[in-house]
Each structure stands twice: as C-alpha cells, then as structure tokens.
Amino acid sequence: MVESIESDVEHGSQPCSEGKDRLLESKALLPLEVSIDDDNNDPKNESKVTTAPSAPGTVTKIGFAVLILLAVQNCAKNIIMRYVMKDSPAFLKSAAVLSSEFTKMSLSVGYILLIQRRPLCSIVTYFREDATNTLLLIIPASAYNLQTSMEYVALAHLDSASFSVLVQSKLVFTAVFAAIVLRKRLKYVQIISLLLLTSGVMLCNFPRGNSVDDTVAGGGMDEKSDDSRGSFTKGIMATLTIAISSGFASVYTEKVIKGRRRPILENGDYGLAYMQVQLATMSILTMGGYAIVNDYSTITEYGLFYKFTMGAAVTVSQSAIGGLIVAGVLKYADSILKGYATALSVVLTGVLSMIIFGTKLDIIYFIGVIIVVLAVILYNGQGLGKYACSLDAANKIG
C-alpha cells in the first residue's frame, strides 16, 4: 500500500502474505521503506525476497537495477507532482485518486485476461473465496487514499526537496505503532537511527528568514509574508499526516491481514495482479464514498473532472503505472536495498528540485540530508546490534 508502507515483518506470516505485503508496499510512497521486524535480517527470511543467495552486503545486477528503478520512480513522482501542484490547480483530488485506482485496476484486469489468459470469472471467484480479507482491506485502502490525497496538498505547499526528507518521519511513527500494537522490540541501532532521522528532518526544515525565495528547502521564506508561512505550515501538516497514516497502515496490515491464513493464495492459482484488483476495488469504493460526501456539490454542478488539467492526468498515469512496475520488482528487493533506494531518492529529489525549480539548498539542508540518509540505511541495516530493553545481555552478564 502507500509509497508507502513497506514493512518487512515476517513473524508468523504465511507464504501467501508475502505477495500481499509487496502489494501494500507498492502503494505506499517509497519513501515507504519501513522495517518493523525483529528478525528481518534473518538469512532464512531474506531468501524469501531474493532470487539467489548472495553474500551479506552484496548487490546483484538485478538488485542494482531494482534499486535504481525504485529511486527514480519515487523521485519522479515527487518532482512531477510538485511541478503540477506548485500553482495550486483547482481540480478535485478525489478525481485524481479515483482515476489512478481505475487505471491500476484496468491494467491489472488486462494483464489477467491477456497475459495470464485467465477468464474474467476467475476474478469474481477470487473475490468470493477471499471475501473476508477483501473487507479487511477497507482500512489500508482508506489510509492509502488519505496518503495520496495529502501528497497533492503537501506538494502544493512544500518544495519537493523538503517533502522527500520530511516524509521519512514515517519510520518514527511506524516504529511507535509497532512497539505499542505489535509489542515489537527495537534494536539499539534502530533507536539511534530514529533519533538521527528526527534531527536530520528538523535541520532540513529549519526556518531561515533571510531568504528571498519562497521555494527554499528547509522552510526558507519571506518572514513578512503570512501567506507563505501559513502555506508552509499546511504542507508540513499534510506530510506528517502521510507519515502517521503510513505507519498505522503498516502495523494494521501486519496485525490484522498478514496473520490470517489465505488458502486461496497458498495454492498458487492467484498472483499479484488479482491482489492489485482487490486493493484497487476497495480504494475506489472508499474514495468514491469520500467524493460523494465531500465533493458532491461540485461534482453535481460541474462534474467529477472539473478543471482536471493535463498535468493532473500525468500525475495519475505516473502514479498508476509506476506503482504497478514497482509492485512487480519488489520481490527482488530486501529491506537493505529498499533503504538504499530511499536514501538515493532523497538525494536525487533535492538535486533535481534545485535544477528544475531553482530551490535554494544551503549547507544546513545538505547536513540534514546526510543525517537522514544515514539514519534510513542504519535503520534497515543488517546484523546491527542487540535489542533494546532485552534481558538477554543482563542474563549473560549475571
């Protein structure tokens, strides 16, 4: 789900849940690389997501290609959406989300019919036999819709460089939700990385009032402009909403969905395309309900696609097609590689934001980016340290 929600928890999960996890990861904003598993670095778990055994710390040619693809996809998403939203176009955000989900569903159905050569009734059978889990997907689907909607709001008020850094705070919220709901224990190194991440995000968004450019990364804006200050605050709040929603959806998926046995998937008759159709359907239903309640007057008077621009159509296509591509390659990416991809995307987004939009990046911003990149890599590190609050060390000493 949501660039973004990429939890690699494997405790007690069935083989069928791996495909569901990859599906949800593809939806969550790749900055959606979050690992909340105590044992996500266990070699036996890594074998489930890699095509061939490799030495720890090595990256295969396929892995390197996937790393680049994930980084470019996430970076392109931020840059394109910022380009479209910087002038705050008035199209309905619900129309954009619904269009993206319809595109994903249509492409997935086409893949089932034309590539897999399965009948349309097989999709109906899948929904009928997996009805309980389909209903359970209402929550993560709603969370994903909220994240996507908030992306449009955030990138209308924040430069893409600041957004790409701030959204990494989802690591913190995911860890908090996991500790409270799943009783997960964090490693010492993960606690350190979360503290570093918080510090880096604060540095990148540190206000600097002597700037004359309202697109300065890190909150630089004209202090005389209340509108600029209010716009920046609105962007910050929207981004934090994305981070909180992503963390909640990750933990909900692990707690409620991944722990359920799904015989329909264990027999291998159904694959990722069916799950894409399933999740897209629930996203359409939930977002459709929101559109009716929130945008009813506009839709009845002007139509769903009122002021829907070509730029909006580009963001829809990029989100839908890019999300499907990422979903297809995530099986080649373990948590380490996804952490590197996230770090690379942050750097790329900052550089391209400076080139394309003229965003002014100062030394404090770059220091913050370095800290965030190190924190993301450290959090997803392999074989790094003991668990916090663990009695094992005390027992050994005793």
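Criteria and cut-off values
- Residues numbered from 1 in each chain as written.
- Predicted model: local features only at pLDDT ≥ 70, side-chain atom pairs only at ≥ 80, totals over all residues.
- Heavy atoms only, no water.
- Helix = DSSP H or I, 4+ residues; strand = E, 2+ residues; numbered from the N terminus.
- Buried < 20%, exposed > 50% of the residue type's maximum accessible area, 1.4 Å probe, protein only.
- Areas by Shrake-Rupley, 256 points an atom, 1.4 Å probe, with all protein chains shown as cover.
- Polar contact = N/O pair within 3.5 Å; in protein donor to acceptor, adjacent residues only side chain to side chain.
- Contact = heavy atoms within 4.5 Å.
- Patch = residues over 30% accessible without salt bridge, like charges linked within 9 Å, V, L, I, M, F, W, Y side chains within 5 Å.
- Salt bridge = Lys/Arg side-chain N within 4 Å of Asp/Glu carboxyl O.
- Core = buried A, V, L, I, M, F, W, Y, C linked by side-chain atoms within 4.5 Å.

Undergrad: Tell me about the overall build of the protein, and please be specific about residues and values.
TA: Across its full length, the protein holds 18 helices and zero strands. Relative to its full complement of 398 residues, the protein shows a buried share of 54%. Accessible surface, the protein: about 17,300 Å² in total, of which carbon and sulfur atoms supply 66%.

Undergrad: Give a detailed account of the side chain of Thr349, specifying residues and quantitative values.
TA: Its place among the elements puts Thr349 in helix α16 (residues 335-357). Residue classification places Thr349 among the buried residues on the basis of a relative accessible area of 0%. A polar contact of 2.7 Å, which involves the side chain of Thr349, links it to the backbone oxygen of Ser345. If we ignore the near neighbours within four places in the chain, the residues touching Thr349 are Cys75, Asn78, Ile79, Ser160, Ala161 and Ser164.

Undergrad: Before we move on, could you go through a nonpolar patch on the surface and cite the residues and values that matter?
TA: A cluster of nonpolar side chains, contributed by Tyr83, Val347, Val351, Leu352, Met354, Ile355 and Ile356, occupies part of the molecular surface with about 620 Å² of accessible area. When residues of the nonpolar patch are assigned to their parent elements, the largest contribution, six residues, is made by α16. Tracing the sequence through the fold places Ile355 in helix α16. Residue classification places Ile355 among the exposed residues on the basis of a relative accessible area of 60%.

Undergrad: If you had to explain the nonpolar core to someone new, which residues and values would you point to?
TA: One finds Val165, Tyr365 and Val369 to be the most contacted residues of the largest nonpolar core, which totals 23 residues. Of all elements in the fold, only α8 (160-166), α9 (170-182), α10 (188-204), α11 (226-257), α16 and α17 (363-379) reach the threshold of two or more residues within this core. Top element by residues in this core is α17. It accounts for seven residues. When near neighbours in sequence (up to four residues on either side) are disregarded, Val165 contacts Val201, Cys204, Val346, Tyr365, Val369 and Val372.

Undergrad: Go over the pattern of salt bridges with me, naming the residues and quoting the values.
TA: Tallying each qualifying case throughout the model produces three salt bridges. The closest approach of N and O atoms between Glu151 and Lys77, which form a salt bridge, is 3.3 Å. In this pair, Glu151 sits in helix α7 (residues 138-157) while Lys77 sits in helix α3 (residues 61-85), placing the two residues 74 residues apart along the sequence. Side by side, Glu151 and Lys77 carry an identical accessibility label, which is buried. Residue Lys86 pairs with Asp87 through a salt bridge whose shortest N-O separation is 3.7 Å. Its relative accessible area of 61% is what places Asp87 among the exposed residues.

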